[in-house]
Amino acid sequence: MHKEGVAADVHQALLALSAGLGNNWRSQQQLAEALHALPGLLGVDIIADHWAPYAFTLLLSGAAAVKPAAAACLGKLLRNCRKERPRTDLYCRIIRELAWGRSCFARLAYIQVCAAALPIFSSRWVKEHVLEGVLEMLSDEVPNVRLAALGLLPALKQTIRLPEDVEQLEQLTSAMTILMTDNDRDVSYAARSVHDTFKRTPLRVTGGSGLMELSGSMTGGSDVAAADKAKEEAEQTEMEFAKDEMEKLRIEWCSTGPERRSRRAAAGMTTGDGSSSNNNSGSGGSSSSSSSHGPMRKSNSRGKMDSHIG
């Protein structure tokens, strides 16, 4: 009872604080940075009903300096949510309102959430729930969205494990190549700058003794692998999603895919050589990849997403 009373007092105090911040972006930033600690104090329902929506508001309409803190807050609230249904609802909202948002600002916000998720979740979770969403952003009709998404490619490459992830590696490499010939000069310039880092990012090899460098030599990476394995094991029990809602999300993904692809085609998504990026074989701009993959993968027995849409 004492803990419930303290939680109620803290909740009311935070409500009063957030209501009085106005447009003070520094205070909003500090509050967003503190909200990730709420799962250890407030109930899941209170967080789902008020503080997750508040983080969404800051992410979509807050000042530029506030958005990264709000994105990190959403990532941590998702990871630390202890109930399946609120966790699923939060994940689905991130996909529906951000990844599939008609506003480019919503899609930019999605990329910020993905960036915040990379150090929080295991490589397996990122490949199941983040990778394909970022790949779609790389063929977005808005150059600034492509520009923001390409910065995640080196970090995404770090999640690859050979030989089982060779297809994902090919997708990332193809996306990188396409962006270097993007018809927007800022995107192509940034892609060429990122390419060197991407190329030098080491890969993990199943059964190997560490990380495989560009030269083919192996370096130490046992600590990184152990930490990633610990995250993965924890997620098997702590990050399950409701299978019925994930199936609805998958169906929505299939039904809205043509509209998203037509928007990219109407925007004239072309590479520097004048060819349509949607006609390239790589998933960075591939029409066929968008139709068969995406941030939604078919639910498996744990409510996660498998590699192919049925």
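Treat the numbers as computed from the prediction; the structure is a model and nothing was measured.

Chemist: A description of the pattern of salt bridges should follow, citing residues and the corresponding values.
Modeler: A full pass over the atoms with the stated rule returns 16 salt bridges. Residues R82 and E238 are paired through a salt bridge, measuring 3.3 Å at the closest nitrogen-oxygen approach. With R82 in the loop between α4 (67-80) and α5 (84-99) and E238 in helix α13 (residues 222-238), this pair connects stretches of sequence that are 156 residues apart. R200 serves as the salt-bridge partner of D196, at 3.3 Å between the closest nitrogen and oxygen. You can see D196 and its partner R200 sitting in helix α12 (residues 185-200), four residues apart, about one turn around the helix.

Chemist: So, the nonpolar core: which residues are in play, and what are the values?
Modeler: The biggest cluster of nonpolar side chains holds 74 residues, and the ones touching the most others in it are L78, L98 and L150. Here this core gets eight residues from one element, more than from any other, and that element is helix α3 (residues 44-61). Setting aside its immediate chain neighbours within four residues, L150 contacts L138, L179, V187, A190, A191 and V194.

Chemist: Can you tell me about the packing of helix α2 (residues 25-35) against α3, naming the residues and giving the values?
Modeler: One can describe the packing of α2 onto α3 by two numbers: an axis separation of 11 Å at closest approach and a directional angle of 140°. The angle between the axes of α2 and α3 places the two elements in the oblique class. Regarding α2 and α3, the two cross each other, and that crossing is left-handed. Touching Q28, L31, A32 and L35 of α2 are W51, Y54 and L58, all from α3.

Conventions adopted
Residues numbered from 1 in each chain as written. Predicted model: local features only at pLDDT ≥ 70, side-chain atom pairs only at ≥ 80, totals over all residues. Heavy atoms only, no water. Salt bridge = Lys/Arg side-chain N within 4 Å of Asp/Glu carboxyl O. Helix = DSSP H or I, 4+ residues; strand = E, 2+ residues; numbered from the N terminus. Core = buried A, V, L, I, M, F, W, Y, C linked by side-chain atoms within 4.5 Å. Buried < 20%, exposed > 50% of the residue type's maximum accessible area, 1.4 Å probe, protein only. Contact = heavy atoms within 4.5 Å. Axes fitted to C-alpha atoms, helices over the stretch in contact; angles between N-to-C directions. Parallel < 35°, antiparallel > 145°, perpendicular 65-115°, else oblique. Left-handed = near helix turned anticlockwise from the far one by under 90°.

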